[in-house]
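Per-entry structural report
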Amino acid sequence: STPSPDGPSFLAALWGIATTGSPWEYMLSLRADGYDGIVPVKLGPAGNYNFLLSPESVRSATVEEASTLPRRFSVPLFETLELDRGIVYEQGSRHKRNKRLCIPSFEQSQSMEEFVTATRAELDVLAEKFVSKGENGKELDLYAELRRGALDVVLAVTFGLGKAGDNSFTRADELSRTIGEYLERIVALANEIPPLWQISPRLSSNYVRVTDEILPNLRALVSEVIATRRLAENDEGECDSSSSRKRGKTGRADLLSVLVEQSDLDDNDIRSILFDVVIAGSDTTASTTTAALYVLHQPQNAHWLKLARKEAETTNAADGVLLQDLRSALPLTMAVAREILRLYPPVPFVGRTATKEGTLCDGQYDVNIGDTFCFSPWFLGRDPDAWGMEKVTPKERAEAAASFNPQRWLDDGMNGG
């Protein structure tokens, strides 16, 4: 039957998301049901959305008509958890200001050196743990270990804490544990089906735990580390030479040290920015590296793992390649990374909200103020029409699109074939 131009009904959409397990898997099923282009999806109390099911519709919404849909979509949960005041979901002039003030920390050579040093230290720890677990036949929670390692690196370069960081803050371990649980809980909260926190917040144990205990404790800890750093900056800055002021009063290049020197930022601003950077930097890194290690260690991908190891050994990548030269020096590793990001994007669902009236796709779809348009990198990365074109039957195209094949990026480094 021909799909309705009005999109699936509320009950059909709710059932589809529940049975497929996620909105992005549901988008794949919509394509299989014959939907294409822009599809309105009514989700009752959760709101009405428009799913972008074709590359052309995504391009229209995010590039050609970006001025019509400038606002990054955020749910009420983000406001409650203070995820809309830093960089990622902040809007307008505050977003531009916060981004501008953060850039110096990430552009300094000292910052990159500290990032590389912290990453190598964590990888050494992880390697030892992996070997020990394997030799003793014990199971390993790969995502949990990689998230802990990524979080330690982010804390080192963001807060200036960690193994080689500032030791004046004595509760660094508690901060790390609290952020770790915070990340775990908000991911579980965002993926609740049905979303109990939207129906009645107290029904969700994750929501109660985050808002009643974890978030207040995290705010207090971050406020304390900011106060400790301000005190250290003031004390050390008084006797600091003028040459080190290029990197801050104490010569530190971590993000917190850069932010505390900004006169137009108060502690709440700094805390919101730090929250954003920690969440965006740790969970996305952990999920991507988990997917990469898991996929590469599947029996059918053993040859790709062997080739990646050989490339790293041949180029002495751990010590002999500068960070800015990694892409050109490790083409196969880059192909593996791109294929992982295609199949397992760390942000599987993205939304934009209209702030003015307009149209999409050369006038085919009307846009009203407040309309939300969503697309899924997960869905687009598995679209059979884009990634399985060389196959004949629909089944073969779907299998090709869902298969791990870094060769496509070696053959076409720009588009992946």
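Model, not experiment: these values are computed from the prediction.

Here we look at the side chain of Ser-204
- One can find Ser-204 in the loop between α9 (196–199) and α10 (205–237).
- Of the residues examined, Ser-204 reaches a relative accessible area of 0% and is grouped as buried.
- When sequence neighbours within four positions are dropped, the list of residues in contact with Ser-204 reads Leu-189, Glu-192, Leu-196 and Trp-197.

A look at the environment of Ile-340
- Within the secondary structure, Ile-340 is located in helix α16 (residues 331–343).
- Overall, the relative accessible area of 0% leaves Ile-340 in the buried class.
- Ile-340 sits 184 residues away from Ala-156 along the chain, and the two C-alpha atoms are 26 Å apart.
- When sequence neighbours within four positions are dropped, the list of residues in contact with Ile-340 reads Thr-288, Ala-291, Ala-292, Val-295, Pro-345 and Phe-404.

What about empty space enclosed by the protein?
- Summed over the entire model, instances satisfying the criterion amount to one cavity of 30 Å³ or more.
- In this structure, the largest cavity is lined by Phe-159, Ile-179, Tyr-182, Leu-218, Val-222, Leu-274, Phe-275, Val-278 and Ile-279.
- Of all the secondary structure elements, the ones that give two or more residues to the lining of the largest cavity are α8 (172–190), α10 and α12 (267–296).
- The biggest single contributor to the lining of the largest cavity is α12, with four residues.
- Split into classes, the residues belonging to the lining of the largest cavity amount to nine nonpolar, no polar and no charged.

A look at the confidence of the model for the chain
- On average, residues of the chain score 83 in pLDDT, and 90% of them are at 70 or above.
- When the elements of the chain are averaged for pLDDT, helix α14 (residues 317–320) gives the smallest value, 69, and α16 the largest, 95.
- In the model, residues 241–248 has pLDDT below 50 throughout and makes nine contacts with residues more than four positions away in sequence or in other chains.

Side note on the nonpolar core
- Core analysis: the largest hydrophobic core is formed by 41 residues, its most contacted members being Leu-81, Phe-159, Leu-175, Tyr-182, Leu-259 and Leu-274.
- Sorting the residues of this core by element identifies α4 (76–80), α5 (92–107), α7 (142–158), α8, α10, α11 (255–259) and α12 as the ones contributing at least two each.
- Apart from residues no more than four positions distant in its own chain, Leu-259 is found in contact with Leu-101, Cys-102, Leu-265, Ile-270, Ile-273 and Leu-274.
- Within the second largest apolar cluster, 26 residues are counted, among which are Ile-17, Tyr-26, Leu-69 and Phe-375.

Here we look at unusual backbone geometry
- The backbone of Cys-361 sits at a positive phi, close to 55°, despite the residue not being glycine.
- Relative to the elements of secondary structure, Cys-361 occurs in the loop between β5 (358–360) and β6 (365–367).
- Its identity is not glycine, yet Asp-362 carries a phi of approximately 55°, on the positive side.
- Within the secondary structure, Asp-362 sits in the loop between β5 and β6.
- Taking the relative accessible area as the measure of exposure, Asp-362 reaches 80% and is therefore exposed.

What counts, and at which threshold
Residues numbered from 1 in each chain as written. Predicted model: local features only at pLDDT ≥ 70, side-chain atom pairs only at ≥ 80, totals over all residues. Heavy atoms only, no water. Helix = DSSP H or I, 4+ residues; strand = E, 2+ residues; numbered from the N terminus. Buried < 20%, exposed > 50% of the residue type's maximum accessible area, 1.4 Å probe, protein only. Contact = heavy atoms within 4.5 Å. 1 Å grid on protein atoms, 1.4 Å probe; cavity = no way out; pocket = protein on both sides within 12 Å on 5 of 7 lines; lining within 4 Å. Points joined across faces, edges and corners; volume = space filled by probe spheres on them. Nonpolar A, V, L, I, M, F, W, Y, C, P; charged D, E, K, R; others polar. pLDDT = per-residue confidence, 0-100. Core = buried A, V, L, I, M, F, W, Y, C linked by side-chain atoms within 4.5 Å.

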